[in-house]
Amino acid sequence: MQDTIIENEKKKPDGKNVIDDGVEQGLAKLTPERISSVINQVLTKEVGPRFKAYVETCMRCGLCADACSIFLSNDRGPEFSPAAKVKQTILEMIKKKGNVSKKVLKDAVRISYTECNVCKRCSMYCPFGIDIAYMMLQVRRICHKLEITPLYIQDTVNSHSATMNQMWVKEDEWIDTLQWQEEDAREEFEDLRIPLDKDGADIMYSVIAPEPKFQAGLIYQTAVIMHAAGIDWTMPSFPGWDNSNMAMYTGDFEISGRIAQAHYEAAARLHVKKIVMGECGHAFRSVYDVGNRWVGWSMPPVNLIHAIDFYHDLLTSGRIKVKEKYKKTVTLHDPCNVSRGRGLHNKAREMVNILCESFIEMTPNREHNYCCGAGGGVINCGPPWKGTRMVNNREKKEQLERTGAEVLIAPCHNCHSGLEDIVEHYGIGMEVKFFGDIIYEVMEKTVYKKNNLKEG
Amino acid sequence: MKDKKMWDWETPRKEIPIKEWQDRFVWIEEPHVSCDGEKIASIVNTDEAEFNVCCNGETWDEIFEKAWSLKFLPDGRLAVLVSNDEEWTICVDGISWEKRFDYIWDLKNTPDGSFIGAAVQKEGLYGMVVNDTIWDSLYENISGTILSNQGASAAVVQVTPLGQGDIEGFSQGIFSIAVNGIAHPESFMNIWDLSFDSKGKQIASSIRKNRVDYSIIKNDALWEKNFQFSWKPEFINNNNSVIAPVRQNGKWFLFKDDMPLWDKSYEQLWKLALHEDGRKIAAIVSDAFGKWTVCENDTAWGLHFDTMISNLFYSDNGDSLIATVKNQGYWDIAVNGKSWNIRADKLWDPVVSSNNEILATRMEKDGRFYLVVNGKVYKDHFDRIFEPAISPGNDKILLKAVKNGIYSRQILTLDKVL
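In this text the structure is predicted, and so the values were computed from the model without any measurement. The numbering scheme is per chain: residues are counted from 1 as the chain's sequence reads. Chains and ligands are labelled by the order in which they are written, letters from A for the one and numbers from 1 for the other. Thresholds applied to this predicted model are a pLDDT of at least 70 for local features of residues and 80 or more for the giving and counting of side-chain atom pairs; totals over whole chains, interfaces and linings are not thresholded and use all residues. Only heavy atoms go into the side-chain values, all of them from the structure, while hydrogens and water stay out.

Draft legend 1. Structural context of the overall build of chain B. For chain B, the helix and strand inventory stands at 3 helices and 44 strands. In terms of C-alpha radius of gyration, chain B reaches 23 Å, essentially the compact-globule figure of 22 Å for 418 residues. Over its C-alpha atoms, taken along the principal directions, chain B stretches across nearly 60 × 55 × 35 Å. Working rule for contacts: check all heavy atoms of both residues, and any pair within 4.5 Å makes them a contact. Restricting to contacts in chain B with at least 6 residues of sequence separation, those with at least 24 account for 35%. Note on areas: Shrake-Rupley, 1.4 Å probe, and residue coverage restricted to the protein chains presented here. Approximately 16900 Å² of chain B is accessible, and the part contributed by carbon and sulfur atoms is 44%. In chain B, 46 positive and 62 negative side-chain charges are present, and the distance between their average locations comes to 7 Å. Where helices and strands are cited, they refer to DSSP runs of H or I of at least four residues and of E of at least two residues respectively, numbered from the N terminus. This radius of gyration counts C-alpha atoms alone. The globule rule is 2.2 Å times how many residues there are, raised to the power 0.38. Residues scored as positive are Lys and Arg, those scored as negative are Asp and Glu, and His as well as the terminal groups of each chain are ignored. The atom standing in for a charge is NZ when the residue is Lys, CZ when it is Arg, CG when it is Asp and CD when it is Glu.

Put into structure tokens, the structure is as follows:
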């Protein structure tokens, strides 16, 4: 795997030159019969009238093209326009009745997994509202069934399936990490708890697995915020604690459904009123829109809110008070899945204004914001694809630079990681932060209200 | 479990003040109450990195650096996971087990409380401990631990190491089922939903053969058919048969021994409930997207719920099929197709009287906790409430609750409640 990464780095960053071992090994095993069988199974048995309507409605008007930051980042290369991505992938499969070459499939992997963030910005500019992200996800579904998914994201999905979290975090490691953070946070509040499996708590807090794996300090910060706000909360010690879902993005809808089921079953088992999830966009899409619906829940069966909603409530209700506003100039990146997907952009701005002295809008913004370039599982395709991701993120880089801000707030894990890559790669000189980082820094470290029994 | 007839069903009210505990300790965690309601206990912090358990005002002799997962066993004993000197074990009624581990979690017990088990990690390897005896073999990883009613233990274990990013190795199948520590020779890509038979002798589970094919395994015998997905199987028919929800052509079916059992298919079908060894079989189903109901022997209730059905079970005599449901954002209980309509914010599964005539549970509504019996909300409200119990004569309710810092154990005659 390391050899492949080095090999890819030597080459000009062009997706067509990338060698991904997972894709290459999968392609080597395919026969023409299997290729056509899988494609036709998906096209005839899985996709519905919606798919047919999209295929028949697209007029190739090209209005989607300028909506795509990857198209803009590649000097408006026609093959990068959303409509062209459909044409090169799923339309080719339909046209050839599934009898496509391995070359077409390899291109389909590249285009659908790494040159489309399934961010849905193009759908807003399509006169017919065609959901091109949905079309790309059907391509990914076919690739998943043909076992030609990129290696790194497939490994993540393997972890999901075996552990119900995306980072191979073992059950004891998860609990031990929470207890370690709890212990550390008692330096600030001696009676602070991260209550595990507290039956009947008001709120279950869920995170994505990179937090316990690499960013445990974020759990610490949340614990401090929860404690200071006097929230009756809990976290499950058992699987279901990870709200992330890369299976949704590889096309493994079955594992995606099992992940969402485990998440909501955890909340039901703990008898909580509400799930508050950390600052992650794709995870929100998974549990609010995708995974839950594959299972059959038309809406989240347990009330679920993103951290933006939650923190907004804490700040506007006075449960968390700002001691002194954040001094540095900040800008805000609106994550696709909670802005276009949920409309939280105005609440996010209200929070910035409560927390920070100086706010500079980036343009475009709110639901029109460009994707971070990492979303839709693109960053999860890993190091082999990082070079082309940076090329594809040029427009985002320019958007960030235009703000001139010192700090970039990105309330989403994938965005956060992707934007850090852009900042580092292009030498922009911005700090990337979560809302939780800022709140923790500026909040009054006092407890809003104690329960009668001093229970933590 | 201590015979319910031996419980005190006569004393109308007993009280234990717990508010004063907060003056004795640095802080106290949420309380737990014994089945008979005679004991209330919490993990308490006594000093920096010093924890103890306080039960009815008395603390244990030993102090721990860490303690979590406190629970009363059905026989009234109190178990908790504890750590000292970076070693973990289980402490029961103040007496720690001899075996020590690098970590311990997932505390569980048999219905009578005679077997206590947990998942453990020792020197980077994983297994289970039951009544202070650890498995002979330990593994790379463990998940999905279960205990049979007789104390047999089982889990999904990783039998082959896996390198970083080794998707080819993963596809070869690295997981197996270990029963009492002994791994089955067959390994699979994924294994979930372990299920013991009623005697704890056989085991079944959902398995994933490859990227797209799922099936059911009973001991070492795989069903021949491949499915698009499956959920937890159950044993029926004197443990000779296995039934499981399976997905085919985008729909869910109930299969028995690899063959269709019910005629109808559903948008979703899971969480089987059984009575009399499978003479009655019920499941939570969705028969249209976003609409949930209960299906018994392939016949669905006429009642639908738009949010969720969290649990489904039969009363002991099988006359009542009880579901904990959520509709339009509120929790409710439905019995044999009829809802109580209590619109709870939080709701727990009810307990059922031996004559099947009384169902009692607890709920939270508008920030207050209530006892609910047969759909009727008892007049008093509390700050916290615990699982109620019904007397052996089916004429009294044991109410266990905290209000204003005082824990009360009350015996209520039915006429007071209904």
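Draft legend 2. Up close: the packing of aromatic side chains. When the centres of two rings from Phe, Tyr and Trp lie within 6.5 Å, Trp using its six-membered ring, the rings pair. Their planes under 30 degrees apart give stacked, over 60 give edge-to-face, and anything left gives tilted. Taken as a whole, this structure holds 30 aromatic pairs over all chains when the rule is applied. A centroid spacing of 6.0 Å and a plane angle of 45° characterise the contact between Phe310(A) and Tyr311(A), whose relative ring orientation is tilted. With respect to burial, Phe310(A) and Tyr311(A) carry one shared label: buried. Each ring, one from Trp223(B) and one from Phe227(B), has its centre 6.2 Å from the other, and the planes form 70°; the classification is edge-to-face. For Trp223(B), a relative accessible area of 7% gives the class buried. Residue burial is assigned from relative accessible area. The probe radius is 1.4 Å, only protein chains are included, and a residue is buried under 20% of its type maximum, exposed over 50%, and partly exposed in between. Owing to a relative accessible area of 2%, Phe227(B) belongs among the buried residues under this scheme. Ring pairing ties together the aromatic residues Tyr264(A), Trp294(A), Trp297(A), Trp192(B), Tyr214(B), Phe229(B), Trp231(B), Trp252(B), Trp270(B) and Trp292(B), which thus form one cluster. By definition here, charges over rings are those cases where NZ of Lys or CZ of Arg is within 6 Å of the ring centre and within 35 degrees of the ring normal. Here the guanidinium or amino end of Arg50(A) rests over the ring plane of Tyr134(A), the centre of that ring lying 3.9 Å away. Of note, Lys445(A) hangs over the ring of Tyr440(A), and the distance from its end group to the ring centre comes to 4.1 Å.

Draft legend 3. Structural detail: the sheet that holds strand β4 (residues 303-306) of chain A. All names here are of chain A. Reading across from one edge, β2-β1-β3-β4 is the order of the 4 strands in this open sheet, with parallel pairing throughout. Only two strands of the sheet have a single partner each, and these edge strands are β2 (233-234) and β4. Two strands qualify as a pair provided that DSSP identifies no fewer than 2 bridges between them. Where strand β3 (residues 274-277) lies against β4, 4 bridges are found, and the strand directions are parallel. Within the sheet, the bridge partner assigned to Lys 274 lies in β4 and is Asn 303. Running at roughly 165° to β4, helix α17 (residues 281-295) makes contact with β3 and β4 of the sheet. Angles shown run from 0 to 180 degrees and are taken between the N-to-C directions of axes, each axis being a line fitted to C-alpha atoms and, for helices, limited to the stretch in contact.

Draft legend 4. Looking closely at the environment of Lys347(A). All names here are of chain A. For Lys 347, the position within the fold is in helix α20 (residues 345-355). Each C-alpha atom of the pair Lys 347 and Ser 69 lies 25 Å from the other, and the pair is 278 residues apart in sequence. Not counting the four nearest positions on each side in its chain, Lys 347 is found in contact with Ile 308, Asp 309 and His 312. Polar contact criterion, stated in full: a pair of N or O atoms within 3.5 Å, where within protein one must be able to donate a hydrogen and the other to accept it, and residues adjacent in sequence count only if both atoms are side-chain atoms. A polar atom in the side chain of Lys 347 sits 2.5 Å from the side chain of Asp 309.

Draft legend 5. Region of interest: the pattern of salt bridges. Here, a salt bridge means any side-chain nitrogen of Lys or Arg that lies within 4 Å of a carboxyl oxygen of Asp or Glu. Summed over all chains, the structure comprises 51 salt bridges over all chains. Residue Asp252(A) is joined to Arg208(B) by a salt bridge in which the shortest nitrogen-to-oxygen separation is 3.0 Å. With Asp252(A) in the loop between α15 (247-250) and α16 (253-269) and Arg208(B) in strand β20 (residues 203-208), this pair bridges two chains. Grouping residues by exposure puts Asp252(A) and Arg208(B) together as buried. Linking Asp309(A) and Lys347(A) is a salt bridge whose minimum nitrogen-to-oxygen distance equals 2.5 Å.

Draft legend 6. Expanded view of the domain arrangement of chain A. All names here are of chain A. As used throughout, domain bounds are those supplied by an automatic or database domain assignment. One can read the domain layout of chain A as domain 1 (2-148), domain 2 (155-315) and domain 3 (321-442). The centre of domain 1, based on its C-alpha atoms, is set 27 Å off from the matching centre of domain 3. Counting from both sides, the interface comprises 28 residues of domain 1 and, opposite them, 24 residues of domain 3. Computed with a 1.4 Å rolling probe, the buried area is the accessible surface lost when two parts are put together, summed over both parts. Carbon and sulfur atoms supply 58% of the area that domain 1 and domain 3 bury against each other, a total of about 2200 Å² over both sides.

Draft legend 7. Inspection of the packing of helix α18 (residues 307-317) of chain A against α20(A) at higher detail. All names here are of chain A. For the pair α18 and α20, interaxial distance at closest approach is 10 Å and the crossing angle is 45°. The orientation of α18 relative to α20 falls into the category oblique. Both α18 and α20 take part in a crossing whose hand is left-handed. On the side of α18, the interface is formed by Ile 308, Asp 309, Tyr 311, His 312, Leu 315 and Thr 316, while α20 contributes Lys 347, Ala 348, Glu 350, Met 351, Ile 354 and Leu 355. The residue makeup of the contact of α18 with α20, split by class, is 7 nonpolar, 2 polar and 3 charged. Each angle is binned into one of four classes, with values under 35 degrees roughly parallel, values over 145 roughly antiparallel, values of 65 to 115 roughly perpendicular, and all other values oblique. Crossing handedness is read from the near helix: turned anticlockwise from the far helix by less than a right angle, it gives a left-handed crossing, and turned clockwise, a right-handed one. Side-chain classes are defined by residue name, with Ala, Val, Leu, Ile, Met, Phe, Trp, Tyr, Cys and Pro counting as nonpolar, Asp, Glu, Lys and Arg as charged, and the others, Gly among them, as polar.

Draft legend 8. A look at the interface of chain B and chain A. Of the residues lining the interface, 65 residues belong to chain B; the matching set on chain A comes to 61 residues. Considering only the side of chain B, the residues that lose the most area to chain A are Trp27(B), Ile167(B) and Arg211(B), jointly responsible for 13% of the buried surface there. The salt bridge involving Glu364(B) is made with Lys273(A); its shortest N-O contact spans 2.9 Å. At the surface where chain B touches chain A, the tally comes to 25 residue pairs in polar contact (both at pLDDT 80 or more). Looking at the side of chain B that touches chain A residue by residue, the classes come out as 30 nonpolar, 16 polar and 19 charged.

Draft legend 9. Region of the structure containing the nonpolar core. All names here are of chain A. Residues Ile 90, Leu 105 and Phe 435 are the most contacted members of the largest nonpolar core, which totals 203 residues. For this core, the leading source of residues is helix α10 (residues 132-145), giving 9 residues. We define the nonpolar core as a collection of buried residues of types Ala, Val, Leu, Ile, Met, Phe, Trp, Tyr and Cys that are connected through side-chain atoms lying within 4.5 Å of one another. Cys 119, Cys 415, Ile 422 and Val 423 belong to the second-largest nonpolar core, a separate cluster that totals 20 residues.

Draft legend 10. Structural view of the side chain of Asp132(B). Residue and element names in this part refer to chain B. Along the chain, the position of Asp 132 falls in the loop between β13 (125-130) and β14 (133-134). Despite its burial, Asp 132 pairs with no opposite charge; the closest candidate is Lys 99, at 4.7 Å N-O. A distance of 3.1 Å separates a polar atom in the side chain of Asp 132 from the backbone nitrogen of Lys 99.

Draft legend 11. Structural detail: helix α22 (residues 394-403) of chain A. Within α22(A), burial applies to Glu395(A), Lys396(A), Lys397(A), Gln399(A), Leu400(A) and Thr403(A). Where α22(A) terminates, the next one or two residues include Gly404(A), which has phi positive at roughly 70°.

Draft legend 12. Geometry of the pairing of strand β30 (residues 291-296) of chain B. Residues and elements named next belong to chain B. In this sheet, β30 lies alongside strand β29 (residues 280-288) in antiparallel orientation, the contact comprising 6 bridges. Residue Ala 283 lies in a different strand from β30, and its bridge partner there is Cys 295. Across 2 bridges, the pairing between β30 and strand β31 (residues 299-300) is antiparallel. Each bridged residue has a counterpart across the sheet, and for Cys 295 the counterpart in β31 is Ala 300. Counted along the chain from β30 to the antiparallel partner β31, the turn is 2 residues long, and its residue Asn 297 has a positive phi close to 45°.

Draft legend 13. Main features of the pairing of strand β21 (residues 214-218) of chain B. Residues and elements named next belong to chain B. Burial analysis of β21 places 5 of its 5 residues in the buried class, the great majority of the element. With burial as the criterion, each face of β21 is covered, one bearing Tyr 214, Ile 216 and Lys 218 and the other bearing Ser 215 and Ile 217. Bridging between β20 and β21 involves 5 bridges; their strand directions are antiparallel. In the strand pairing of β21, Ala 204 is matched with Lys 218. Between β20 and β21, which pair antiparallel in sequence order, lie 5 residues. With 2 bridges connecting them, β21 and strand β22 (residues 221-222) associate as antiparallel partners. Residue pairing across strands places Lys 218 opposite Ala 221, the latter belonging to β22.

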